[in-house]
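# Structure assessment
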Amino acid sequence: MEKLRDGVLCMERKNRWIAIRTMICAGLITVVAVGDQWLKYKVEKQDPDSFPRPFPGTKDKIWVYRNHNGGFPFGFMEKHRELVRLIPMTLTSVLIGSLMEMMRTKGRRMEKICMSLTIGGSLSNLYDRYVRGYVVDYFSLRFGFLKEVVFNLGDICIFLGSGLLLFCPYCAGKGVCPASAEISIDKKQEVV
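Only a predicted model underlies this, so the values are computations on that prediction, with no experimental measurement involved.

This paragraph deals with the overall build of the protein chain. Secondary structure summary: the protein chain contains four helices and three strands in total. Mapped from its N terminus to its C terminus, the protein chain presents α and β elements in the order α-β-β-α-α-β-α. Every one of the 192 residues in the protein chain was classed for burial, and the buried ones make up 33%. Considering only contacts within the protein chain whose residues lie at least 6 apart along the sequence, 64% involve residues at least 24 apart. Per element, the accessible surface of the protein chain, about 12,200 Å² overall, is 67% carbon and sulfur.

Spelled out as structure tokens, the structure:
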């Protein structure tokens, strides 16, 4: 009877941690997607003739734009709107499914954070594609080749999250990325 009670308590503790991890990732996804949509809203409601312009206080290193991109980055596949909607929707669905499966296990924190960043940025851009018919890009860094690139917060999160996600498996194997490494706290419990 005591083993059954211990097993139930262990399962309750495990389910509680799964819920906490899921809420943290869901919160990060929400902050990225809603934050990006709020910035897009602020840009869209301004006079189009006031763009582009330098962002105040940045010594002309950041410029604010109001670009509407109907395709992938740099207008790639702009004439194929249905594919431009379908491909990111499919990839985002796969990422969400992978993240939900990953939530069932402890560890791999960095990968969960990276996937959450990528999903948040992707959901914001998907919203634009389906509701507006284009993605709103609103700022540019005035450094080297980046002067020609206009992007949004969602794009940065997609780039950062997917770039770090590709790097995480390499780090975890080398012990360089402690957030992704798995360690055991208690011999009776699952790997943390």
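Between the first and last C-alpha of helix 2 (residues 81–102) there are 32 Å, a value that for 22 residues agrees with the 32 Å anticipated at 1.5 Å per step. Turning to helix 2, its buried residues number three or more, namely Val84, Pro88, Thr92, Leu95, Leu99 and Met102. All buried residues of helix 2 fall inside an arc of 80° around its axis, so they share one side. Exposed residues on helix 2 whose side chains face more than 90 degrees from its buried face are Glu82 and Val94.

Let us now look at the confidence of the model for the protein chain. Taken over all residues, the pLDDT of the protein chain has a mean of 85, while the share at 70 or more is 82%. Here residues 175–192 scores under 50 on pLDDT; set against residues more than four positions off or in separate chains, the count is 30 contacts.

Let's shift gears to the side chain of arginine 21. Relative to the helices and strands, arginine 21 resides in helix 1 (residues 2–44). Those residues within four positions of arginine 21 in sequence are excluded, and the remaining contacts are Met103, Arg104, Thr105, Lys106 and Lys112.

Attention shifts here to the sheet that holds strand 1 (residues 53–54). Spatial strand order, 1-2-3: three strands in an open sheet with antiparallel pairing. Each end of this open sheet is capped by a strand with a single partner; those strands are strand 1 and strand 3 (135–141). The pairing of strand 2 (residues 62–69) with strand 3 spans six bridges and is antiparallel. Note on strand 3: the bridge partner recorded for valine 64 is phenylalanine 139.

Let's shift gears to a nonpolar patch on the surface. Taken together, Leu83, Leu86, Ile87 and Leu91 make up a surface patch of nonpolar side chains, about 350 Å² in accessible area. For leucine 86, the location among the structural elements is in helix 2.

In this fold, serine 122 is placed in helix 3 (residues 109–132). Judged by its relative accessible area of 10%, serine 122 is buried. When near neighbours in sequence (up to four residues on either side) are disregarded, serine 122 contacts Pro88, Thr92 and Ile158.

Centre-to-centre distance and the angle between the planes together describe a pair of aromatic rings. Scanning all chains against the criterion turns up two aromatic pairs. Summarising the aromatic geometry, the rings of tyrosine 138 and phenylalanine 139 are spaced 5.5 Å apart at their centres and angled 45° between planes, so their arrangement reads as tilted. The same class applies to tyrosine 138 as to phenylalanine 139, namely buried. Between phenylalanine 139 and phenylalanine 151, the aromatic rings sit 4.7 Å apart at their centres with planes inclined by 65°, giving edge-to-face as the arrangement. Linking phenylalanine 139 in strand 3 with phenylalanine 151 in the loop between strand 3 and helix 4 (153–174), this pair joins segments that are twelve residues apart in sequence.

Interhelical geometry of helix 2 versus helix 3 gives an angle of 150° and a closest axis separation of 9 Å. What the angle tells us is that helix 2 and helix 3 run roughly antiparallel. The handedness of the crossing between helix 2 and helix 3 is left-handed. In this structure, helix 2 uses Val84, Arg85, Leu86, Pro88, Met89, Thr92, Leu95, Ile96, Ser98, Leu99 and Met102 to contact helix 3, whose residues at the interface are Glu111, Lys112, Met115, Ser116, Thr118, Ile119, Ser122, Leu123, Leu126, Arg129 and Tyr130. Split by residue class, the contact of helix 2 with helix 3 holds 13 nonpolar, five polar and four charged.

Criteria and cut-off values
Residues numbered from 1 in each chain as written. Predicted model: local features only at pLDDT ≥ 70, side-chain atom pairs only at ≥ 80, totals over all residues. Heavy atoms only, no water. Helix = DSSP H or I, 4+ residues; strand = E, 2+ residues; numbered from the N terminus. Buried < 20%, exposed > 50% of the residue type's maximum accessible area, 1.4 Å probe, protein only. Contact = heavy atoms within 4.5 Å. Areas by Shrake-Rupley, 256 points an atom, 1.4 Å probe, with all protein chains shown as cover. Expected span 1.5 Å × (residues − 1). Arc of directions from axis to C-beta. pLDDT = per-residue confidence, 0-100. Pairing = 2+ DSSP bridges. Patch = residues over 30% accessible without salt bridge, like charges linked within 9 Å, V, L, I, M, F, W, Y side chains within 5 Å. Salt bridge = Lys/Arg side-chain N within 4 Å of Asp/Glu carboxyl O. Phe/Tyr/Trp six-rings, centres within 6.5 Å; stacked < 30°, edge-to-face > 60°. Axes fitted to C-alpha atoms, helices over the stretch in contact; angles between N-to-C directions. Parallel < 35°, antiparallel > 145°, perpendicular 65-115°, else oblique. Left-handed = near helix turned anticlockwise from the far one by under 90°. Nonpolar A, V, L, I, M, F, W, Y, C, P; charged D, E, K, R; others polar.

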